[in-house]
Amino acid sequence: VGLIDDVRQISPKLRLLIGAGVVVAVIISTRAGFGMVGSVLTPIGIHLPGWLAAIASCVIGVIIVLGAVNSTNLIDGLDGLCTGVTAIISLGFFLLAAHLAAWEFSTSGDPVRLVLAIAMLGAALGFLPFNFNPARIFMGDAGSTLLGYNCGMLIVLFGEKTYFRWVLGALMIFALPVFDTALAMFRRWRSGRSIFEGDRSHFYDQLVQRGLSVRATVMISYGLTIVFGATGLLMTWVRGDDPVIRTRYAIPLFALFSVLAAFAAWRAGLMTPEERPGPSDVSESDTSAVDGP
């Protein structure tokens, strides 16, 4: 779908419809992440019927995968940014999967997570020398969509059993693309614009506007991705005698780091709404820019 969109262009609604259909089919056929909802509600004493928990988990899985696809697509805005960030994310996923495999979390799921993560890491590292600033090759939607889909499915695959903390850990490892997308949408909302309207609200755009070079901005993004990845791997240190207890500790930990990231963005002035440009400030390229899913 991403490749066809690069060549012929597909409407965002059609892309979303096709993507949702594919993800639903994959999740249902593999039952990936079917225990996610139950693993969240059980620690607080809520028990849903199995079929209802499975449907709710499927819906959450679709949201996670499509959100990962969109976030990865939107972060592909500077030379080497998306490629390097997803390489670091893939390494984090691999380390998390290796931890689960070390204590035989799943005889069928561990090899899938390990192979997919290391294959994605190798693909990104092989492409990065050609894509780093100044780029000689661009990945386009074909590349960013594929990387985002793989990242999203890996996050869902970490919810194979009813241990939601591994999903939280994977989400934290993937936090930078999510942070960038959420930040851009928040600034557009504060400015009274459509949250899907293309502009310069992204995290990396703001750094460039503050005078940083493309390379410096990309390296800062790499560093932040490493910080988020290390934070996600902290989920492996959450201890307890029961998986439910460990999940109960992991959820507040995830919420705390999310609040700290939002506070840091606010203190850095990254949440300040962008001023509406006047007619003379809008270039032809700006008026045609739209962020599609």
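Everything discussed here concerns the structure shown above.
Residues numbered from 1 in each chain as written. Predicted model: local features only at pLDDT ≥ 70, side-chain atom pairs only at ≥ 80, totals over all residues. Heavy atoms only, no water.

> Sorry, what's going on with the overall build of the protein chain here?
Each helix and strand counted, the protein chain has 13 helices and zero strands in total. Tracing the protein chain from N to C terminus, the helices and strands come up as α-α-α-α-α-α-α-α-α-α-α-α-α. For the protein chain, the proportion of its 293 residues judged to be buried stands at 44%. In the protein chain, 74% of the contacts between residues at least 6 apart in sequence involve partners at least 24 apart. (Helix = DSSP H or I, 4+ residues; strand = E, 2+ residues; numbered from the N terminus. Buried < 20%, exposed > 50% of the residue type's maximum accessible area, 1.4 Å probe, protein only. Contact = heavy atoms within 4.5 Å.)

> Honestly, the pattern of salt bridges in this entry has me stumped. Any pointers?
Applying the stated rule across the entire model yields three salt bridges. For Arg15, the salt bridge goes to Asp141, with nearest N and O atoms at 3.3 Å. On the criterion of sequence distance, the pair formed by Arg15 in helix H2 (residues 12–30) and Asp141 in helix H7 (residues 140–157) is long-range, its members being 126 residues apart. By the burial criterion, Arg15 is buried, and Asp141 matches it. Note that Arg113 and Asp110 form a salt bridge whose closest N and O atoms lie 2.9 Å from each other. Here Arg113 pairs with Asp110, and both are found in helix H6 (residues 109–131), just three residues apart, close to one helical turn. With respect to burial, Arg113 and Asp110 carry one shared label: buried. Each of Asp5, Arg15 and Asp141 takes part in salt bridges that share partners, so that together they form one network. (Salt bridge = Lys/Arg side-chain N within 4 Å of Asp/Glu carboxyl O.)

> Which parts of the structure should I look at to understand the environment of Gly122?
Tracing the sequence through the fold places Gly122 in helix H6. A C-alpha to C-alpha distance of 9.0 Å links Gly122 and Ser90, two positions 32 residues apart in sequence.

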